[in-house]
Structure formats: C-alpha cells, structure tokens
Amino acid sequence: MRQEGWRRRREAVLMCVYSNICSLTSIRHVTRELISLQIRQSTITWSSPEHPELALSGEVSSLWWSKHVRDFHSPCPGTARFTALAVNVPRHLSYIHAQILDQPNAKIIQSNLPLSSGLPATLDKAMSLASLTPETCTAVVNATGLSARHLFTIDDPTEAKRLHPIRGQTVLVKGELKEIRTLQSYDATSKTTRIAYAIPRPGSGTTVLGGCNIKEEWSTEADDEMTKEILGKCRDLVPELLIKGNDQFEVIKVQVGLRPGRTGGARVEREVVSVGSEMEKRDMVVVHAYGMAGAGFQNSVGVAGEVLKLVEGDSLQSMSRL
Ligand SMILES: Cc1cc2nc3c(=O)[nH]c(=O)nc-3n(C[C@H](O)[C@H](O)[C@H](O)COP(=O)(O)OP(=O)(O)OC[C@H]3O[C@@H](n4cnc5c(N)ncnc54)[C@H](O)[C@@H]3O)c2cc1C
C-alpha cells in the first residue's frame, strides 16, 4: 500500500511555469561542450580600494566569495583571479529544453497564466492546463522571475513590493575572448560605481560586453548612449577584440534585459497554499524559486538542488501519511 502510494506520487508531474533551474542536476553526466559551458580564467580589477565591495572586505583576499570559487588568488593589489565558467546562454537553454523533453513523462505547456488573480487562482489554472488535481500533483515550482510580483499584489503586497527590475544592457561583438574580464570602477566624489565586463560566449566566436545595473528601470529599449558607454569602457579592457585598422568593435547586436531583483535576496522556499472553491478547499505544495537578480545562471545548479530537496521532502512526508 505504501509502495503503491509512493509510486503514484512519483509519477505525478512536477509542474514548472518555466525555469532555467530544473534539469540542471544532471550536469555532471554530460560533456561541457554539449551544454555550452566552458571553464575560463576570470580576472576582476577594482579601480579604487574605496569601491564598496572592496572597502567592505578590506582587501581582495578577504572578499566573502573568495572561498567559494576555484583557484582564487590576487596577483597584484586590487585584482582577483580565479577559475570560472562561461555560458553560451541561448545554446544552454536549448539544451535544457531538450533535456526536459527527453524525460519519459515530461510535457511543456506554454500559456500566459493570469498571475494578477493571485497565487491560489494561478495554481488552479496551472493544474487544470496540465490536467492535474491537488491529489495528482506533487508540487508546483513557482519560477516566474520578476512576474512573481503580480502573484502577490492582492494577498501579500509586502512581498510584491520586494520584487523590482534591475535593467541591464549588453553588446554582442565579434571575436571570442579567451578569458572573462571585469573592471569595477568607483567615483569617490559622486559615490557611484560602474562596471565593465567581457564574457566570451563559448563556441560562438562572439563575446558579450557589458554593462549596467539600473534598479527600478523598466524600459527594455536599447539606449544608444549606454551602448557608446559600454563600448568605450571595454576598449581598454579587451583591446584584442578591436578590429585591426579601424580600432572599433564589430557590433553584432545590442541586448537589454530586466534582472529579477528581490530585496533581501532570492526566495527559495516551500509553502502550503489552499486551493479550490470555498466548498472544497485542498492543500497544495508550492516551491518558490524566484528573485535571482543577476545570478540566475551561476546559482542555477544550487537552486535546483534546493528545490528538489523541498519537493522531495514533501513527498517523503506524504508517503509516511499513507
Ligand atoms: C544584462 C544581463 C546580464 C546578466 N548576466 C548574468 C550573469 O553573468 N550570470 C548570471 O548568473 N546571471 C546573469 N543574469 C541574470 C539572469 O539572466 C537571471 O537571473 C535569470 O534569467 C533568472 O532566471 P529565472 O528563471 O529565475 O527568471 P526568468 O528568466 O525571468 O524566467 C521567468 C519565466 O517565467 C515566465 N512567466 C512570467 N510570467 C508568466 C505568466 N504570467 N505565465 C506564464 N509564464 C510566465 C516567463 O516567460 C519566463 O520564462 C543577467 C541578466 C541580464 C539582464
């Protein structure tokens, strides 16, 4: 009886509105080329010891994240070097999409969910789209990114207000840099920070130049002044990508995106939500995984592992109730 109940639960479909985080747990079973990740050296230089990130730590070797990356060292004051991963995002997402479709019971249903009617109504809608009920659905993973703010506008306005866009603009240029380079600048008079970075897109012959982090800015239109600023900042950072003879980058495209920011950091948490009509209320497990800000890719494997634990934890509790 227990075994049968467990199997039924395991067969229930795990729904995910969308997430770049699911399926990444199988990362170690495939080659890096296939999933479009490549190991590259990364160098970060801070223009001034007053830069808030450095001022907080005192020196490069005391940066809080130095213990969490491979081969971290400081070759000279104000500079850090370590081994990192560069991701070819379009190819990587295609790989994950294919991985999901490869699973025996997996289905991808594309639909615009009515988030502003609140979390319980959205869960009802998502389950009905997948022909599931609270009895047959193990859990719903809420990975709606910045749109999660609409889910909470009615029932939890404080949570809704925590979510905000952090606008980013990048320029894709020809030439694949051999390593990742970042320059963190600080203007002590205006107390403002600026960032310039170059991240190669493995296997594409191109490099992404950035960038900016503009909080609460909703526009997704490319800003020409920002493009000029990015290209100007990156001239000294990656001179080897300038076209010989005319000293310019060969621009392929300009891209704008809104990072899903959340005051207090990402939310990766399990919640039991009451769904259904007033006459027939049922409990439903939701695992939230949103608010990744500018680190959704680098955090994806870790967050996927946490989500899995939160989902499976519930399944085990359910099994013991049978
Ligand atoms: C310029 C820029 C540079 C970045 N650089 C890096 C970097 O170097 N490293 C890094 O790790 N991260 C980086 N990021 C951040 C990274 O892109 C995000 O953290 C990541 O995409 C967040 O993933 P997510 O799945 O949580 O949210 P999202 O990618 O926003 O996905 C949310 C999903 O929910 C779906 N959805 C929303 N509303 C609905 C609805 N009503 N119905 C149905 N579906 C819905 C959306 O269609 C979408 O598919 C960068 C971002 C930008 C903009």
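Small disclaimer: the values here were computed from a predicted structure and weren't measured. (Residues numbered from 1 in each chain as written. Predicted model: local features only at pLDDT ≥ 70, side-chain atom pairs only at ≥ 80, totals over all residues.)

Quick word on the overall build of the protein
(1) Moving on: Secondary structure summary: the protein contains eight helices and 13 strands in total.
(2) Moving on: Within the protein, the fraction of its 322 residues that count as buried is 29%.
(3) Moving on: Within the protein, contacts between residues separated by at least 24 positions form 73% of all contacts whose residues are at least 6 apart in sequence. (Helix = DSSP H or I, 4+ residues; strand = E, 2+ residues; numbered from the N terminus. Buried ≥ 20, exposed ≤ 12 C-beta atoms within 10 Å, placed from the backbone. Contact = placed C-beta atoms within 7 Å.)

Comments concerning the site of the ligand
(1) Moving on: Around the ligand there are 26 residues in total, and G145, G168, G257, G296 and F297 lie nearest to it.
(2) Moving on: Looking at the shell around the ligand, the elements with two or more residues in it are β6 (163-174) and β11 (251-262).
(3) Moving on: The leading source of residues in the shell around the ligand is β11, at three residues.
(4) Moving on: Per-class residue counts for the shell around the ligand are 12 nonpolar, 13 polar and one charged.
(5) Moving on: Both of domain 1 (2-30 + 111-161 + 272-321) and domain 2 (40-89 + 164-262) provide at least three residues apiece to the shell around the ligand. (Near = placed C-beta within 6 Å. Nonpolar A, V, L, I, M, F, W, Y, C, P; charged D, E, K, R; others polar. Domains from an automatic or database assignment.)

Considering the environment of M226
(1) Moving on: On the secondary structure map, M226 appears in helix α7 (residues 224-237).
(2) Moving on: Residue class for M226 comes out buried when judged on the 20 C-beta atoms lying within 10 Å of it.
(3) Moving on: As a C-alpha pair, M226 and V171 span 55 residues in sequence and 9.8 Å in three-dimensional space.
(4) Moving on: Here M226 is in contact with Q169 and C212, once residues within four sequence places are set aside.

Section: the pairing of strand β8 (residues 192-201)
(1) Moving on: Two strands pair when backbone bridges link them, and strand β7 (residues 180-187) and β8 are joined in this way by seven bridges, in the antiparallel orientation. Residue pairing across strands places Y186 opposite T193, the latter belonging to β8.
(2) Moving on: Hairpin connection of β7 to β8: four residues between the antiparallel strands, including K191 at a positive phi of 55°.
(3) Moving on: Strand direction decides the pairing type here: β8 and strand β9 (residues 206-210), joined by five bridges, are antiparallel. Of the residues in β9, the one forming a bridge with Y197 is G210. (Pairing = 2+ DSSP bridges.)

Let's talk about the confidence of the model for the protein
(1) Moving on: Chain-level statistics for the protein give a pLDDT mean of 87 and a share of 86% at 70 or above.
(2) Moving on: Taken together, the stretch residues 1-29 has pLDDT below 50 and engages in 65 contacts with residues farther than four places along the chain or on a different chain. (pLDDT = per-residue confidence, 0-100.)

Description of the pairing of strand β2 (residues 37-46)
(1) Moving on: One ladder, built from nine bridges, connects β2 with strand β4 (residues 79-87); its direction is antiparallel. Counterpart to T43 in the pairing with β4 is R81.
(2) Moving on: The pairing of β2 with β7 spans five bridges and is classified as parallel. Bridging from a neighbouring strand, S42 pairs with I180 of β7.

Concerning the environment of L93
(1) Moving on: By secondary structure assignment, the location of L93 is in helix α3 (residues 89-102).
(2) Moving on: The partly exposed category is assigned to L93, around which 14 C-beta atoms lie within 10 Å.
(3) Moving on: Each C-alpha atom, one on L93 and one on S36, is 9.1 Å from the other, the two residues being 57 residues apart in sequence.

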